[in-house]
Structure formats: C-alpha cells, structure tokens
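Each chain, letter by letter, is given below.
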Amino acid sequence: MKDSNFLKEHNAKSLWHPMAHPGDSLANPPAIITSAQGVKITDVDGHEVVDAVGGLWNVNLGFSCQPVKDAIAAQLDVLPYYSTFRGTTNDQVIQLAEELRKFFAPDGLTRAFFTSGGSDSVETALRLARQYHKIRGEEGRTKFLSLKKGYHGTHMGGASVNGNANFRTQYEPLLPGCHHIPAPYTYRNPFNETGPERLAQLCLQALEDEIAFQGAGTIAAFIMEPVLGAGGVIPPHKSFMPGVREICSKHGILLIADEVITAFGRTGSWSGSRHWGVQPDMMATAKAITNGYFPFGAVMIADHMTETFEKDTTGKAAIGHGYTYSGHPVGAAAALACLAETQRLNVPENAAARGAQIHRGLLALQEKYELIGDVRGGHGLMCALELVSDRATKAAVDKKTIGKLQKVAYEAGAMVRVSGPNIILSPPLVLSDGEAATILSALDAGFAAVS
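Just so it is clear, the model here is predicted, and its values are computed rather than measured. (Residues numbered from 1 in each chain as written. Predicted model: local features only at pLDDT ≥ 70, side-chain atom pairs only at ≥ 80, totals over all residues. Heavy atoms only, no water.)

Caption draft 1: Structural context of the pattern of salt bridges. Considering all chains together, one arrives at 18 salt bridges under this definition. With a closest N to O distance of 3.9 Å, Arg-168 and Glu-172 form a salt bridge. Residue class for Arg-168 comes out buried when judged on its relative accessible area of 16%. Residues Asp-444 and Lys-368 are paired through a salt bridge, measuring 3.1 Å at the closest nitrogen-oxygen approach. With Asp-444 in helix H15 (residues 433–450) and Lys-368 in helix H13 (residues 347–368), this pair connects stretches of sequence that are 76 residues apart. Given the relative accessible area of 22%, Asp-444 is considered partly exposed. Of the residues examined, Lys-368 reaches a relative accessible area of 51% and is grouped as exposed. (Salt bridge = Lys/Arg side-chain N within 4 Å of Asp/Glu carboxyl O. Buried < 20%, exposed > 50% of the residue type's maximum accessible area, 1.4 Å probe, protein only. Helix = DSSP H or I, 4+ residues; strand = E, 2+ residues; numbered from the N terminus.)

And the structure:
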C-alpha cells in the first residue's frame, strides 16, 4: 500500500465519490479508512472508532466475520466466476436459492432472482411487476406508486420511484408513470398530524385517492420500505403496511417490499415485512446478504407470481433481464455462509436490545440539547436524529453545525452518518452494550461542541 502521505495528497483528486459534490470532496477530503475489526474502523492516522454506520447499513455481522471470508476465499479457488444466463448455473447458487426459500417462507416468498446489489434488485422487481401484468393480459398496468421520503436506489427506475428530490431533480425527466403519496412521517407531513395511527390512516386514504385518480387498472405496483431508511429512519405506525397490503390486494396492485436495508434482522425481526405481519408479492434484498463483503442481491418472489410465470405458454414470461454477475458463485458462497452465521447468532435479538438502548439514549440527548428536533427509532438498530435550528419552526440546522458535530463525534469515538439535517445510526447488529454507549457518548460530545 502507498504510504499515508501519498494517500492524503491524492485524496479525492482522481476519484469522484458517490453521493457527494466533487468540489466539496476536494475542499473537505474524506476520512481514509484503512482497516477494520469487529465493529470498529481505523483511519490512515491510526484513529479507531465504532462504526455507527455499519459500512452502509450492510455490515450486520461486523468486519471480522471469518466464515464469510473463508467462503469467499475457498470459492475463488474452485470456481471464481461463471454465468447463470440460460443454459448454465453453478452449485453455490442452487444451494443458496434453496436456503433463501426456507428463510423467506414465512414471508410467502419462494423464488429468487439474483442481482449485483440493491439498486439492481429494485430495478428487477419493477420490471418483473410490469411483465407479470402483461402475462396476465393486463398490459395497461404500467404505473408505480411509492412514498415521498422513500429511497429505492440509483437506477433510472429506482430514481423515478424515489421520494426525495435530492436523488431526482438533476436527472429528470425520469420514468413516466411514477406517482408518490405522503409518507407516515409524524414530524413533517402535509396533514399537520402528529398522531402516528391517525397519520397512517390519512396516508392510506391518500393512497386510495391516488389509485382512484390514476385508475387501478393502470397501476403495476406499490413499492415501499417497511421502515424508511435513507429518508431519515421513518418507522410507520404498525397499521400502515398491513393497510397498504389490503389496499393493493383489493385493487390487483403488486406490493414490492424494498428490504435492501431491513432484511436479515435489522428491524429486530428477520424481515421488515415480517415485523409488520405482511406478506409482499416481491421483496428486494441486498446489503446484509453477504455482510457487505461481496456485491450481491436477490429479489424474492411470491408463489402466485411464480405460477403465473412458470405456467405461461405464450412466451411472454421469458425474462429478458439479468446481470453479468447474477448468481455469481463467489457471492452465492458468501451469502450461504452469511445466512448461516446470521441465523446462528440470532442477530434480531441483539438488534432489538441494542436498538432500544440507543433509542433511549437519543431521547435523553433530546432532553439535553435544543438542536434535536426529533428522535426516530425503536425498531431494531435503525435510529435517527433530526436537527433543527429552532424547535418551534422546525427550521433545519445549517450544514456547518451538523458537519462540526459529526467531526467531533468522530474524534470522540464514533463514525456517524449525516444526511441532510439527519444523523442516521445503523451500526452492525453484533454491537455490544459498551459499544452502543460509546456511540451515545460520542454524540454527546458532538452536541456539546456545537451547543
């Protein structure tokens, strides 16, 4: 490896970073992470901190999961790559599909279509939704509904159903036929409703209204995250997702659960859909499926959809979609090992306990610091703070303040993620109570520095 002087001198000069302004990356060089162990990361200067970001929501088992590393290394020696396009497959992906079928059986999902990651999984689900309706003779069902504040990746389809202008405006015009309804976001919503249950009902009414306006026969699918993640960790009332399921079923609309973040234990349940007692028609997964060690994903598909595709005799069900790395044998081997370790450790149990600990700590910080307008969490290791310059007006905090807070928290022992006015926490699910306490104390130091 080049020495630290070289790395610092060339930081962000030849590289454009995702989700960042190229000029800002040059003016404010990113932290250079050079190693990691357990749930901690170490930078080029040797400073070690608890990673409260969990890589990017994906390193559920931490950075030292030896079974996954061993599986990757072993598979590279046997079969480093082969295609799963028509006519060929591999032993690892067959085994993985069977394990996922068993794992997702309580969600009513029994077939897997493999992808290279989360955005790919969302794109696949959107395409399969349209194709499903065409096979059934409902060619007019082409539109998609989703939530404002929702995040569904960066492909053109995913960007089109995204509910955040930051991921849309500079890339418009996007896919036509994508429409959004208000999210059940108690802190900010067009109804000025602070009651979670009442707000859920208002959002469900908005969904019914939009379906009536567009025409149910024109809509292919509704896509939603069981808990909105990148939009600021927005958990809905427990009645919301079941209500969406009921409405979609009534109108013949497919329900796509975007569980790129929430699958495999993050909510304190094995899946976000299961957390709310809902069976979707498709589920987009990625991230934790290989613990972040290999780019990989899977779309899980319900029985009634598989029957429609597999029993078709017209040729319309031939899938003209896929990726070079769909079902990659190394990724499949990693996912097999990761799934086994995830189940062995029963990670939802610890995610629920540590998530409750952090949520309580954040509420205590809110009592202490006026900057904290809203605290969100309470469903596993997904928490967020929304910062404001004025609690009465809910005016967002300025970038300089939240940037300084992040810097001080990092110096005090925790890497936290800033997204707009939000501080988002998504640490590994193997976090200990002591490491959770470190995250809270680092945040406390950050707030003290800017208050």
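Caption draft 2: Representation of the pairing of strand E16 (residues 422–425). Here E16 shows no split at all, with Asn-422 and Ile-424 on one side and Ile-423 and Leu-425 on the other all buried. Summarising the sheet, strand E12 (residues 383–390) and E16 pair through four bridges and their orientation is antiparallel. Considered in E16, the bridge of Glu-386 is made with Asn-422. Where strand E15 (residues 417–419) meets E16, three bridges bridge the pair, whose relative direction is antiparallel. Counterpart to Val-418 in the pairing with E16 is Ile-423. (Pairing = 2+ DSSP bridges.)

Caption draft 3: Representation of the confidence of the model for the protein chain within the structure. Considering every residue of the protein chain, the mean pLDDT works out to 97; 100% of them sit at 70 or more. Least confident of the elements in the protein chain is helix H1 (residues 4–9), whose mean pLDDT is 94; most confident is strand E8 (residues 254–258), at 99. (pLDDT = per-residue confidence, 0-100.)

Caption draft 4: View of the packing of aromatic side chains. Going through the model one piece at a time under the given rule, you end up with eight aromatic pairs. Pairing Phe-114 with Phe-296 gives two aromatic rings, centres 5.5 Å apart and planes at 40 degrees, and the pair type is tilted. Taken as a pair, Phe-114 in strand E4 (residues 109–115) and Phe-296 in the loop between strand E9 (282–285) and strand E10 (297–302) lie far apart in primary sequence, 182 residues in all. No difference in accessibility class separates Phe-114 from Phe-296, as the two residues are buried. With a centroid separation of 5.3 Å and 20 degrees between ring planes, the pair formed by Tyr-369 and Phe-447 is classed as stacked. With Tyr-369 in the loop between H13 and strand E11 (372–376) and Phe-447 in helix H15, the pair connects residues that are 78 residues apart, well separated along the chain. Note on Tyr-369: relative accessible area 8%, which makes it buried. The exposure class of Phe-447 is buried, given its relative accessible area of 0%. Taken together, the ring pairs in this structure connect Phe-103, Phe-104, Phe-264 and Trp-270 into an aromatic cluster. (Phe/Tyr/Trp six-rings, centres within 6.5 Å; stacked < 30°, edge-to-face > 60°.)

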